[in-house]
Amino acid sequence: MKLTSIYFFAFVLVVCLVYYLIPKKMQWIVLLASSMVFFVMSSGILTVYMLATTAIVYGGALWLNKHRETFESRKQELDKAQRKEAKKKLKKGQKLRVAAIAVTVLGILVVLKYCNLGVEIANMFMGIFHLNYSFEMFSIVLPLGISYYTLMAVSYVTDVYRGVIKAEKNPLRVLLFVSYFPHIVEGPFDRFKDLSEQFSIPHKFDYDSFCKGCILVLFGLFKKMVIADRLGITVAEIFDHPSEHTGPAIVIATVMYTIQLYCDFSGCIDIISGVSELFGIKVAENFRQPFFSRSINEFWRRWHITLGLWLKEYVYYPVILSGHFKAVDKFAKKHLKSNHLINVVPAAYALFFVWLSNGLWHGASLKYILYGLYYYLLMMIGELCKPLFEKIKNKMHIKDGNKPFALFQMLRTFLIVNIGMLLFRSATVGEFFRLIKQAMSSFNYFGGAREVVTISIEVIYAFVGVVVILMIGIVKEKNKTVLFRDLIYQKPFILRYLFVLFFVTCILTFGVYGPGYNASDFVYAQF
Amino acid sequence: MKKYLKRTLTIVSLIIIPLLFVSITQKRVDHNTLRIQGFYQEEQNSIDVVFFGASEVFPGYSPAYAYEKYGFTSYSYAIDANYTKLIKYQIEEVLSYQSPKCIIIETSCYYNPRQEEEKKTALATLRKWTDGIPFSKHKTEIISQLTDSDQLSYYFPFIMYHGNLENYADIEAEFSQKRRGYTYLKGVTSTNKKTVCNSLRDVSGDNTIEKLPEKDDIYFKDLLEYCKSLDCKVIFVRFPQRIEDDADYEMFCTQNYIDRLVAENGFDFINLDKQFAGIGLNPNKDFYDKHHMNVNGQIKTTEFIGQMLQNKYSITATDLSESNKKKWDMSVKYIELFYEYFRIHENDEKVYWWYENPSLLSKLDTINESYL
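Fair warning: this is a prediction, and the values are worked out from it, not measured in the lab. (Residues numbered from 1 in each chain as written. Chains lettered and ligands numbered in written order. Predicted model: local features only at pLDDT ≥ 70, side-chain atom pairs only at ≥ 80, totals over all residues.)

S.K.: What exactly am I supposed to notice about the overall build of chain A here?
M.R.: Scanning chain A for helices and strands turns up 22 helices and 0 strands. At 25 Å, chain A has a C-alpha radius of gyration in line with the 24 Å of a compact globule built from 527 residues. Structurally, chain A occupies a C-alpha span of about 80 × 65 × 60 Å along its principal axes. Residues counted as buried form 37% of the 527 residues belonging to chain A. Relative to all contacts within chain A whose residues are 6 or more apart in sequence, the contacts with residues 24 or more apart total 76%. (Helix = DSSP H or I, 4+ residues; strand = E, 2+ residues; numbered from the N terminus. Rg over C-alpha atoms; globule rule 2.2 N^0.38 Å. Buried ≥ 20, exposed ≤ 12 C-beta atoms within 10 Å, placed from the backbone. Contact = placed C-beta atoms within 7 Å.)

Shown next, in the form of structure tokens:
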């Protein structure tokens, strides 16, 4: 069931009606039942993987709890030394248990999603050593949103381990957290502590919140159907037949792909957030105008925010608490003279795992690993050269608030992101380098633009849509404390009405849907 | 209560207004749509003869000219690349609006192998037809029987055609026709284009038979059975085509097979490929390509068919209401202007493609004013 299909919205409408008509205490059961229906309709028998993951983290969390409770109950009987020893044992035992649970849950993901990466790497080595043999790829169908629900399940059990939350006794509530249908397709990565309470409290129908949710859905549909899918037609044509196109067309298509991916992903998140708000449940923010970022660090704090937070919480922190990190830190302090380097090197060590995980999460392919490491490398270069950049800035008397400099930084970040996106879009790493070479072959961008428009004149609609989104982005940047939909809702009725009318008409007129188009799925749904 | 009413009205209007907007502006209109829609603008039970078929029909026969010369009313219920399977459904549809004295089925569309092979073309043809049909129970039956997916888009064409930048001139033509309430040219399309015939084969006495493709054969036999149940006269006609190469000849031979099937079932078949001399067709002047006639050919073929219907099949004029008579008289005026306009541009090097759109009508109006 696609998030832009009429069936999905009919489904949401029915769920909404039942949700607000039944006793408030039962509302979470409606969400659970609808999530199950949604999951089974999308994944069929593969739902068992999701159920297995839920069962493991549910049981695992209770196991951790029981282990801790056993210690707590015996604590009083022990003397100080014994208690210290038992506490140490508890800590180790808890660590081992959570690691076992996480490895089991992630194991399902790895086996299903990454076995072909192993085959790809094995075949690469076969080639390197000139062995005339190649392994065949496995043909595996993945359940819906496996990368999302697995990581959320891991976050749940880790939070229980850390004592952030208590293990949930009701397995159905854990199942609802893992399978909650609005966020199962493309996230965001919500945490149990943020959602479970919202699931528990009664939600009374609120017309204004409902309307705001609808505005967010509309906004998402506009981004997805008018911009992303419209650009997708031309982008696909160029990247599927790159040899038939000029270098400038490749460059323009890369920029279009970056915008497509943003509008696709953030549009989907808007739909998800909007739908969730119809039930009175707020999911985490995942995008915050990423193209206004002045550095790559900032970009990743604004793009796929919840993935960044997840990696920080569940990869970065465990690494800096690990023994090997401490060894690196010790080594840096002992052997490096510069204070700057003493700080940068251990951080670089820990961040390596974060960005490797980021790349791996995006896909089971070498290009995705390279995609993560590309950003890692740029960030590390940026960190290493920070003192140098500061010196240059000071010499040129450039202040942080300087607007032309800020614009330069935004454009620079945008360029870096586009190169990353070209790698992301390329079929293989080899093709990425071929495309880079091709992009440098000519600089006739007027010709390239003509070429792009010739493929599909209707791409103009998408460009107009981009201008609309850019204007809204500027408004959002200027009003960081107020949500855009609240801003719209504060306007007089007639303006609000015309705004919604404009978006509905634009989506129906210029959106990519129906049998005349091969409407693409959400790009991030495969992750 | 007032608050709830306001909210309900707001939500409903936010759905209805955009839907109305896209339904009116986001559609595909071409000469096929205009012709099919024009048929439903005719007064009920006022058409004497209805033609069915593909693109050979509407450039080859002029209902308004036939009305002027022979008095009976007729209409070409034909679409580009029409195919075997659809004809029966089209007859059913027409008979739910009109009770013609005679039905003429043009048989060239019975040999078009690409139709079954290229599902997309077949779907496009189906849409060209269904897009022009007003909503009715029969339309729902047609769609459910002939399609297996995207059925909603047959009722709401904007689902299929939205976002199209190239169609606004024809949408304007549709508005203009709907506003007027009837068609002037009765769906005729034509051109001043002429193509020279290099090697016309003489097939006047040739009775070589080539069987129809399997599916066409089944559909055609089914159609013959269906025609037996009809209360009106049914005639099968092959519109004239230039037989130049082997493919044309093969197609011609299938017409001999159709001739045999039609005769076996007690109907008449008239193969105009064998009547070039009788019609007075000049292969070098009367065709815009080997399959389709230009205005010259249209006039001659209309006269031939008109005489045949009048003399051989005794098709006479139905008494028309005063208002309908006025409309047909107006069509006669416009078809005369159209032929006059053709004569002005007959020898132009530039090729013109004509159908009833505001651009052509304004030019015809200009000629009309110059007469006055």
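Further notes follow.
S.K.: It is not clear to me how the overall build of chain B should be interpreted in this structure. Could you clarify?
M.R.: Each helix and strand counted, chain B has 17 helices and 7 strands in total. In terms of C-alpha radius of gyration, chain B reaches 22 Å, essentially the compact-globule figure of 21 Å for 372 residues. Overall size of chain B, expressed as C-alpha extent along the three principal axes, is 80 × 55 × 40 Å. Within chain B, buried positions represent 44% of all 372 residues. Counting only contacts in chain B whose residues sit at least 6 apart along the sequence, the fraction spanning at least 24 positions is 84%.

S.K.: Got a minute to help me understand the interface of chain A and chain B in this structure?
M.R.: By a widespread convention, an interface's size corresponds to the accessible area lost as its parts come together. Listed as interface residues are 15 residues of chain A and, on the opposing side, 17 residues of chain B. Top contributing element to the side of chain A that touches chain B by residue count: helix H22 (residues 493-510) of chain A, with 8 residues.

S.K.: Please clarify how the packing of helix H15 (residues 366-384) of chain A against helix H17 (residues 403-425) of chain A should be interpreted in this entry.
M.R.: Pairs of packed helices are described in terms of their axes, by the angle between the two and the distance that separates them. Residue and element names in this part refer to chain A. Two elements in contact, H15 and H17, have axes whose closest approach is 9 Å; the angle formed by their N-to-C orientations is 165°. When the interaxial angle is binned, H15 and H17 end up roughly antiparallel. H15 and H17 meet at a crossing whose hand is right-handed. Contacts between H15 and H17 pair Lys 367, Leu 370, Tyr 371, Tyr 374, Tyr 375 and Leu 378 from the former with Ile 416, Gly 420, Leu 423 and Phe 424 from the latter. Partitioning the contact of H15 with H17 into residue classes produces 8 nonpolar, 1 polar and 1 charged. (Axes fitted to C-alpha atoms, helices over the stretch in contact; angles between N-to-C directions. Parallel < 35°, antiparallel > 145°, perpendicular 65-115°, else oblique. Left-handed = near helix turned anticlockwise from the far one by under 90°. Nonpolar A, V, L, I, M, F, W, Y, C, P; charged D, E, K, R; others polar.)

S.K.: Could you clarify how one ought to interpret the environment of Ala 284 of chain A in this entry?
M.R.: All names here are of chain A. Positionally, Ala 284 belongs in the loop between helix H10 (247-278) and helix H11 (296-302). The class of Ala 284 is partly exposed, set by 17 C-beta atoms lying within 10 Å. It is 25 Å that separates the C-alpha atoms of Ala 284 and Val 226, two residues lying 58 residues apart in sequence. Ala 284 has contacts with Pro 188, Phe 189, Asp 190, Asp 194 and Thr 306, leaving out every residue within four places of it along the chain.

S.K.: Before we go on, may I ask you to explain the nonpolar core in this structure?
M.R.: Proteins that are soluble and globular tend to have nonpolar side chains buried together. Judged by nonpolar contacts, the single largest core of 125 residues is most densely connected at Val 57, Tyr 156, Val 157 and Ala 253 of chain A. No other element matches H10 of chain A, which puts 18 residues into this core. Not counting residues up to four positions away in its chain, the partners in contact with Val 157 of chain A are Val 57, Gly 60, Ala 61, Val 98, Ile 101 and Ala 102 of chain A. In terms of nonpolar packing, the next biggest core, distinct from the first, is built from 67 residues, Leu 34, Tyr 67, Leu 212 and Leu 309 of chain B among them. (Core = buried A, V, L, I, M, F, W, Y, C linked by C-beta atoms within 7 Å.)

S.K.: I'm lost on the pairing of strand S5 (residues 233-238) of chain B in this one. Help?
M.R.: On a regular strand, one side chain projects to one face of the sheet and the next to the other, so that they alternate. Residues and elements named next belong to chain B. In terms of burial, S5 is largely enclosed, as 5 of its 6 residues are buried. The pairing of strand S3 (residues 102-106) with S5 spans 5 bridges and is parallel. Following the sheet pairing, Ile 103 is matched in S5 by Val 234. Summarising the sheet, S5 and strand S6 (residues 268-271) pair through 4 bridges and their orientation is parallel. Within S6, the position partnered with Val 237 by the bridge is Ile 270. Crossover connection from S5 via helix H13 (residues 246-264) to parallel S6: handedness right-handed. (Pairing = 2+ DSSP bridges. Right-handed = clockwise from strand over helix to strand, strands pointing away.)

S.K.: Any chance you could explain the confidence of the model for chain B here in plain terms?
M.R.: Scored by pLDDT, chain B comes out at a mean of 90, with 96% of its residues at no less than 70. Across the whole predicted complex the pTM is 0.84, and at the interface the ipTM reaches 0.80. (pLDDT = per-residue confidence, 0-100.)

S.K.: What should I look at first to understand the domain arrangement of chain A in this one?
M.R.: All names here are of chain A. Its domain assignment divides chain A into domain 1 (6-205), domain 2 (206-283 + 426-527) and domain 3 (292-412). Taking the mean C-alpha position of each, domain 1 and domain 2 sit 31 Å from one another. Mapped by element, the contributors of at least two residues to the side of domain 1 that touches domain 2 are helix H1 (6-21) and helix H7 (181-184). Ranked by the residues each element gives to the side of domain 1 that touches domain 2, the list is headed by H1, at 3 residues. Within the side of domain 1 that touches domain 2, the residues separate by chemical class into 8 nonpolar, 4 polar and 3 charged. (Domains from an automatic or database assignment.)

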